[in-house]
Amino acid sequence: MIIHRLDSFVLNLTLREPYSVAYGDFHHITNVFLRVETEDGRVGWGCGAPDEAVTGETAGGVFEAFSKSIEPLLHRANLRHFIAINEELRAHLKKQPSAHAMADMAIYDLLSQRANLPLYQWLGGFRRSMATSITVGLMPMAETVDKALEYLGRGFRILKIKGGLNVDEDIERIRMLLGVERW
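About the criteria used
Residues numbered from 1 in each chain as written. Predicted model: local features only at pLDDT ≥ 70, side-chain atom pairs only at ≥ 80, totals over all residues. Heavy atoms only, no water. Helix = DSSP H or I, 4+ residues; strand = E, 2+ residues; numbered from the N terminus. Rg over C-alpha atoms; globule rule 2.2 N^0.38 Å. Buried < 20%, exposed > 50% of the residue type's maximum accessible area, 1.4 Å probe, protein only. Areas by Shrake-Rupley, 256 points an atom, 1.4 Å probe, with all protein chains shown as cover. Lys, Arg positive; Asp, Glu negative; His and termini not counted. Charge placed at Lys NZ, Arg CZ, Asp CG, Glu CD. Axes fitted to C-alpha atoms, helices over the stretch in contact; angles between N-to-C directions. Left-handed = near helix turned anticlockwise from the far one by under 90°. Contact = heavy atoms within 4.5 Å. Nonpolar A, V, L, I, M, F, W, Y, C, P; charged D, E, K, R; others polar. Pairing = 2+ DSSP bridges.

1. As for the overall build of the protein
Phase 1: Looking only at helices and strands, one finds seven helices and five strands in the protein.
Phase 2: Across the protein, helices and strands are ordered from the amino to the carboxyl terminus as β-β-β-α-α-α-α-α-β-α-β-α.
Phase 3: Against the 2.2 N^0.38 benchmark of 16 Å for 183 residues, the protein shows a C-alpha radius of gyration of 20 Å, more extended than a compact globule.
Phase 4: Overall size of the protein, expressed as C-alpha extent along the three principal axes, is 55 × 35 × 25 Å.
Phase 5: For the protein, with 183 residues in total, the buried portion stands at 33%.
Phase 6: Surface accessibility of the protein: about 11,200 Å² in total, with carbon and sulfur atoms responsible for 53%.
Phase 7: Averaging the positions of the 21 positive and the 23 negative side-chain charges in the protein gives two centres separated by 7 Å.

2. What to know about the packing of helix H6 (residues 141–153) against helix H7 (residues 167–178)
Phase 1: Look at H6 against H7: their axes get within 10 Å of each other, and the N-to-C directions meet at 40°. Note on packing geometry: the crossing formed by H6 with H7 is right-handed. Across from Met141, Thr144, Val145 and Ala148 in H6, the residues of H7 making contact are Glu169, Glu172, Arg173, Met176 and Leu177.
Phase 2: Residues belonging to the contact of H6 with H7 are distributed by class as follows: five nonpolar, one polar and three charged.

3. Quick word on the sheet that holds strand E3 (residues 43–48)
Phase 1: The three strands lie next to each other as E1-E2-E3, forming an open sheet whose pairing is antiparallel. This sheet does not close on itself; its edge strands, each paired only once, are strand E1 (3–21) and E3. Within the sheet, the average angular offset between the axes of one strand and its neighbour, ignoring direction, is 20°.
Phase 2: With six bridges joining them, strand E2 (residues 24–38) and E3 adopt antiparallel strand pairing. Residue Phe33 lies in a different strand from E3, and its bridge partner there is Cys47.

Put into structure tokens, the structure is as follows:
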């Protein structure tokens, strides 16, 4: 499979439900998407989710990495050599994990399509479903419990509870949640 065309674009997505973490409030996220097309017409997709506080990247930086590194490295690349391609991407994108992940996702999407398998099966997965988590942003304690109960009521059993501003309050928040009967 030879890569024939690559396109990338930035989307600013408004969150249905804003959330807060120790380093800020989020009402929207900005992600960078990658569309990779092969000569035989397959299309693979990848997404970079930069967070400057976490990965050191911005959407502009990921988009620039597409132009300067990803597109030149992947255009006309033969995906039979995907491990070598990934190593080359890793070398060029050492400090840009979101950009690297975006390209990696698109490549694996194409490879699983070529194998005519869903990606999880191509990677050896065998389960039909898996538990996932949902994040309870940083909020006052009573609201944290209310939000946790709402998510538990919706069937979530794994909650990520944000903290980081005050360790004593974080401990109390977790104690309160551990006392919730529906947990």
